[in-house]
Amino acid sequence: MNDNQKMFGINSFKKLDYSILTIEKSMKRVVLFLIALLTLASCGNKNRGELIGVRQKKWFPEKPYGMTLVEGGSYIMGKSDEDVAQLQNAPARSVTVPSFYMDETEITNSEYKQFVYWVKDSVTLALLARKAEELELGEDNQDGIGEYAFKDADTSDLSEFQKYMRQNYYDISEDSYAGRALNWDNSIQWATQDYPDQAYAEVMDSMYLPPQFWYDGEMKLDVSKLVYQFTWFDAEGAARESQRTRTQFIDRTPFIKKEEIQIYPDTTVWIKDFVYSYNEPMHNDYFSHPAYQDYPVVGVSWKQAVAFCNWRTHYKNSYQRSKNKPLVNKFRLPSEAEWEYAARGGIPSGVYPWGGPYLLNDRGCFLANFKPLRGDYAADQAVYTVEAKSYLPNDYNLFNMAGNVAEWTSSSYDSNAYEYVSSLSPNMSIEEESRKVVRGGSWKDVAYYLRVSSRDYEYKDTARSFIGFRTVQDYLGTAKVKIK
């Protein structure tokens, strides 16, 4: 026995040897695990010539804010009951529609105003940036108009997509400044006392009507300058051309459409729609006063509704890109087949969205906002429109699918369309057709137009005080199939 063994004892050394042995075994296990892991990874990287597909990040559906999922299915579209008006424009037939999301309510004044404000800021920022460059001012002029100069002067390194985004969304002009990124980091000063310099004041003054057009002592914005520019691809037109020429790869250029739409609602519809009627209060306040912020927007043409859908898609996808998330599918107007399917709320033979053939509940209250009697607009407790979440929703949680305001659809109107459209996701959308289907009836309509199968139309460049809209979005993928 040596000195160390005497000092610590034999048992202590045995415990020490056992501990070292345990650590060595644990280290060997870790090394073997890492080798196995690397082997599996290397096997995964080498597919050995097998078809393994291109794997992407797991995608999960996300319900858009304010929308509800309408699960697709088949139903009998059209008038399965007696056609009271004898229009014979909606014969019953069985059709199928895929799943989609739909706004729970009609688009409100508040929601449409977000679109208007975005366009207003875009136009104003573009004008400020041009003025700054004309004066050769840059970021060094932080106390004046210079801070609103274009962000990037050099666009040579931009991709085609980036150039497209800038041209269509960042600067809506057609002049030499087109395609330049605006400086969205700075907030626009709309109060006259906050204008930083004379150049800024000149630009801001140009956004308003000349003083001779003011009244009531208020500066009036020149709403004709609120123009939204966007492009879209006419897939149906391209498909027809491909079918005609029997060529898959055709020139896409003629089918890329460019639109420039003045997007401010026509507030004069409250007067134009009703001759010899005093509706000036609605003209003056309906879109501007906060009392009506949750009411459905009206005075919006079909073209303006389409522009809103395009902006909403761009607005959401700009956020998705900033967070490196997958892009969402586009927002759009519903086809009339989708609209009717959603309005029925899962009740196949329902006359109205609530199912039954009656307009009153068991307490004698009307179930929608419409004109119940000749000359009587107030029997349902509302003279004009009501808030978008008034009355009870249908079984898909959709409000006011009957009454309040009629709603634009994407479908072109033809009285005989039901006879030749497809039974799978039927829709007739012809660019040259100026008449578009409106559905649901409104606050000024009789009960016939509230029926889920009733059809009406309006010209797509026309705005009315009784027509609004809601949007839909395609549901990506399908629900898991259940095997019974």
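Scroll up for the structure.
Okay, so let's go over this structure. (Residues numbered from 1 in each chain as written. Predicted model: local features only at pLDDT ≥ 70, side-chain atom pairs only at ≥ 80, totals over all residues. Heavy atoms only, no water.)

Things to note about the overall build of the protein chain
From N to C terminus, the protein chain includes 10 helices and 12 strands. Scored against the burial criterion, the 484 residues of the protein chain give a buried share of 41%. Across the protein chain, contacts joining residues at least 24 apart in sequence account for 71% of those joining residues at least 6 apart. (Helix = DSSP H or I, 4+ residues; strand = E, 2+ residues; numbered from the N terminus. Buried < 20%, exposed > 50% of the residue type's maximum accessible area, 1.4 Å probe, protein only. Contact = heavy atoms within 4.5 Å.)

Some remarks on a nonpolar patch on the surface
There is a patch of nonpolar side chains on the surface, built from Phe213, Trp214 and Met219 and spanning about 280 Å² of accessible area. Positionally, Met219 belongs in the loop between helix 5 (198-206) and strand 5 (227-233). Judged by relative accessible area, which is 34%, Met219 ranks as partly exposed. (Patch = residues over 30% accessible without salt bridge, like charges linked within 9 Å, V, L, I, M, F, W, Y side chains within 5 Å. Areas by Shrake-Rupley, 256 points an atom, 1.4 Å probe, with all protein chains shown as cover. Salt bridge = Lys/Arg side-chain N within 4 Å of Asp/Glu carboxyl O.)

Considerations on unusual backbone geometry
A positive phi angle, near 65 degrees, is found at Tyr391, a position not held by glycine. Positioned with a positive phi, Asn400 is a non-glycine residue whose angle comes to about 55 degrees. Mapped onto the elements of the fold, Asn400 is located in the loop between helix 10 (336-344) and strand 8 (406-412).

Some points on the pattern of salt bridges
Overall, the coordinates contain 17 salt bridges when judged by the stated rule. Note that Glu336 and Arg455 form a salt bridge whose closest N and O atoms lie 2.9 Å from each other. Of the two residues, Glu336 sits in helix 10 while Arg455 sits in the loop between strand 9 (435-439) and strand 10 (456-459), which places them 119 residues apart along the sequence. Under the relative-accessibility criterion, Glu336 is labelled buried at 5%. The exposure class of Arg455 is buried, given its relative accessible area of 2%. Its salt-bridge partner being Asp445, residue Lys444 comes within 3.0 Å of it at the nearest N-O pair.

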